[in-house]
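# Reading the structure
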Amino acid sequence: MSIKSFASLIFARYIVWKTNKWKSQPEIVQQNVFRKLLEKAKHTEFGKDHNFSGIKTHEDYVREVPIRDYEELKEYVNKMVEGRKDVLWPGKPLYFAKTSGTTSGAKYIPITNESIKEQVLASRNAILNYIDETQSPNFVDGKWIFLQGSPELEELNGVQLGRLSGISAHYVPNYLQKNRLPSWETNCIDDWETKVERIVDETESENMTVIAGIPSWVQMYFERLKLRSNENIGDLFKNFQLFIYGGVNYEPYRAKFEELIGRRVDSIELFPASEGFFAYQDSQTEKGMLLLLNSGIFYEFVRVDRFYEPKPTRLTVGEVEIGVDYVMIISTNAGLWAYNLGDTIQFVSLKPYKIIVSGRIKHFISAFGEHVIAKEVEYAMQKAIIETKAIINEFTVAPEISPPAGLPYHEWFIEFETKPKDMNRFIKVLDLSLQEQNSYYFDLIDGKVLQELKISPIRPGGFQAFMKKQGKLGGQNKIQRLSNDRSLADMLQEYTE
């Protein structure tokens, strides 16, 4: 064992000890975060507008600070973009993370000195937790790759501007700099296909031990490597030990990954966003990600089925239940207050608090009142893959409300790597699994309102071609899993077989 590996074991034990301390008193920790956030921001424009000085309890906060999404907070963000200080958080932000907006073009998410530090610590701690759990630190001596966006930043009224993954590239610790790939020059390439080829050039002969990125784009990298080397990834990179991912559920991709790698590797799921780093997988044997309650974020939760009520109940961590879908509301040390992130989560454990991401509050299918969410279709897909030995590259689901003939149905657009030998059985497993999970969908099928789902196969490489045409190839971009209308489905028609 190298000195670096041994040191990582010692440091990992210390970090896990610190984590266990705040895990043991979650409600107290969250109350402390709540008070510190309000105290820090009480003299900002937002703090004055919302009586932060007079807020003593969560009930006060609910009364003074309504839930907002980006559009509703934009008047404050725009002042910051113009160069104003002390708007949502003291001073100016260090960065704006630029993301794609849905109704008003680009979104500018503020990132402060405090919030970027927490992002970096969470990424580090996720890996250290893994080291402590597995007692297998030798991968720290190998090469690591993070498939991410360009680290080149612009400046906007004195604030650096870029994608979150590009901003994060500036915070790779010194002890990882020699391990990290690709080169800075390659990382700055904007064209994703060119970038992947350069990454293959730089990595195919290296001792790669850790690979990180969104599964669909890591898969593209693996496919290029295998085509170039004519070897499984696990043979090419004999010490490849750990895959780190976030943004989408890994399970639908797992079979394809294991085929490309040739063996199973450990994985860590992360839950980062421009707005904050919320959770990471802290166990290789238990379900869920540890919710980070001591990282400058105060959490509230609203039941999905009550979210659109005029004044939905806002719960704190001490009031949540296992197995309920909640919209996650955050207040952060970047100046986002009672902010609707848009993600829905479920708690799978309350001691400690562990979550899974179940979908997006705006991404569901309820054209007939069924309210199908991402977690349900991904579980159904996972079950169908296991039972039929199919392998998929990507998929999305949309309703077909007015078919030329017959009852309406859910249309699944699937790009198969290996089609099931019995497609009818694949469809049956998908549909029955969805019925078992969602009683509304079952009632619609049983009541002859909907017919069994249908599959529209996407031609090989079709989803990548679609994303390229949309200018969203690579980086942090991903296919929307569910749509409640036909806009995405109609665009995909030209890519069907």
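Residues numbered from 1 in each chain as written. Predicted model: local features only at pLDDT ≥ 70, side-chain atom pairs only at ≥ 80, totals over all residues. Heavy atoms only, no water.

## A few points about the overall build of the protein
The condition that has to hold: Runs of H or I in DSSP of at least four residues are treated as helices and runs of E of at least two as strands, each being numbered from the N terminus. The globule rule used here is 2.2 Å times the number of residues to the 0.38 power, and the radius of gyration it is set against is calculated over C-alpha atoms. Accessibility here uses a 1.4 Å probe with only protein chains present; expressed as a share of the type maximum, an area under 20% marks a residue as buried, one over 50% as exposed, and anything in between as partly exposed. Residue contacts follow a heavy-atom distance rule, with two residues in contact if any of their heavy atoms lie within 4.5 Å.
On a plain count of helices and strands, the protein comes out with 18 helices and 18 strands. Over its C-alpha trace the protein gives a radius of gyration of 23 Å, about what one expects of a compact globule, namely 23 Å for 497 residues. Here the protein, with 497 residues, has 54% of them falling under the buried criterion. Intrachain contacts of the protein at a sequence separation of at least 6 include 67% that bridge at least 24 residues.

## Here we look at the sheet that holds strand β12 (residues 297-303)
Applicable threshold: Two strands pair if DSSP finds at least two bridges between them.
What the 11 strands build is an open sheet, ordered β6-β3-β7-β8-β9-β10-β11-β15-β14-β13-β12; its pairing is mixed. The sheet terminates laterally at β6 (180-181) and β12, the two strands that pair on one side only. Note that strand β8 (residues 242-246) and strand β9 (residues 266-273) share 5 bridges and pair parallel. When the bridges of β9 are listed, L242 appears paired with D266.

## So, the packing of aromatic side chains
In plain terms, the rule: Only Phe, Tyr and Trp rings are paired, with Trp represented by its six-membered ring, and only when their centres lie within 6.5 Å; those with planes under 30 degrees apart are stacked, over 60 edge-to-face, the remainder tilted. Working rule: Lys NZ or Arg CZ, within 6 Å of ring centre, within 35 degrees of ring normal, means a charge sits over the ring.
Throughout the structure, instances matching the rule amount to 35 aromatic pairs. Relative to F257, the ring of F222 has its centre 5.5 Å away and its plane inclined at 65°; by these criteria the two rings are edge-to-face. Of this pair, F222 sits in helix α11 (residues 215-229) while F257 sits in helix α13 (residues 251-261), and the two are 35 residues apart along the sequence. The pair formed by F222 and F257 is uniform in burial state, with each residue classed as buried. Note on F243 and Y245: the rings are 5.5 Å apart at their centroids and 20° apart in plane angle, and the pair reads as stacked. The exposure classification of F243 matches that of Y245, with both residues buried. Here the aromatic cluster, defined as three or more aromatic residues joined through ring pairs, consists of Y221, F222, F240, F243, Y245, Y250 and F257. Between K454 and the ring centre of Y409, over which it is positioned, the NZ or CZ distance is 5.5 Å. Seen from the ring of F395, R481 lies directly overhead, with NZ or CZ sitting 4.1 Å from the centre.

## Some remarks on the nonpolar core
We count it as follows: Nonpolar cores are built from buried Ala, Val, Leu, Ile, Met, Phe, Trp, Tyr and Cys residues. Side-chain atoms within 4.5 Å join them into one set.
Of all hydrophobic cores here, the largest spans 89 residues; its most connected members are L291, F301, M328 and W337. In terms of residues, this core owes the most to one element, helix α6 (residues 113-134), which gives 7 residues. Listed in part, the 41 residues of the second largest apolar core include I145, I199, F463 and L492.

## Some remarks on the pattern of salt bridges
Heads up, the rule is: What counts as a salt bridge is simple: a side-chain nitrogen of Lys or Arg found within 4 Å of a carboxyl oxygen of Asp or Glu.
Scanning all chains against the criterion turns up 33 salt bridges. In this structure, E223 engages K256 in a salt bridge whose closest nitrogen and oxygen atoms are separated by 3.9 Å. Remark: K256 occurs in helix α13 and E223 occurs in helix α11; sequence separation between them is 33 residues. Overall, the relative accessible area of 3% leaves K256 in the buried class. What emerges from the salt-bridge pattern is a single network uniting E197, D201, E204, R224 and R228.

## Details of helix α5 (residues 70-81)
Note the threshold: Here, expected helix span is obtained from the residue count minus one, scaled by 1.5 Å. Directions drawn from the helix axis to the C-beta atoms are what define this arc. Within 3.5 Å is the distance limit for a polar contact, defined as a pair of N or O atoms, with the added protein rule that one can donate a hydrogen and the other accept it, and that residues adjacent in sequence qualify only through two side-chain atoms.
Taking 1.5 Å per residue, 12 residues should reach 16 Å; α5 reaches only 14 Å between its end C-alpha atoms and comes up short. Of all the positions in α5, only Y70, L73, Y76, V77, M80 and V81 are classed as buried. Considered in projection along α5, the buried side chains sweep an arc of 150° and stay on one side of the axis. At the N-terminal end of α5, a side-chain oxygen is found 3.2 Å from the backbone nitrogen of E71, two or three residues along, and the residue is D69. G83 occupies a position one or two residues after α5 and carries a positive phi of about 110°.

## Description of the packing of helix α10 (residues 192-203) against α11
Using the following cut-off: To obtain each axis, a line is fitted to C-alpha atoms, and for helices this fit is confined to the stretch in contact; angles are then taken between N-to-C directions over 0 to 180 degrees. Working definition: roughly parallel below 35 degrees, roughly antiparallel above 145 degrees, roughly perpendicular at 65 to 115 degrees, and oblique for all remaining angles. Here is the rule for handedness: rotate from the far helix to the near one, and if that takes an anticlockwise turn smaller than a right angle the crossing is left-handed, while a clockwise turn gives right-handed. Under the grouping applied here, Gly and all other residues not named as nonpolar or charged are polar, the nonpolar ones being Ala, Val, Leu, Ile, Met, Phe, Trp, Tyr, Cys and Pro and the charged ones Asp, Glu, Lys and Arg.
The geometry of α10 relative to α11 is characterised by a closest axis approach of 10 Å and an angle of 55° between their N-to-C directions. By the angle between their axes, α10 is oblique relative to α11. As for the relative orientation of α10 and α11, their crossing is right-handed in sense. Contact residues: α10 offers W192, E193, V196, E197, I199, V200, D201 and T203, while α11 offers W217, M220, Y221, R224, L225 and R228. Split into classes, the residues belonging to the contact of α10 with α11 amount to 8 nonpolar, 1 polar and 5 charged.

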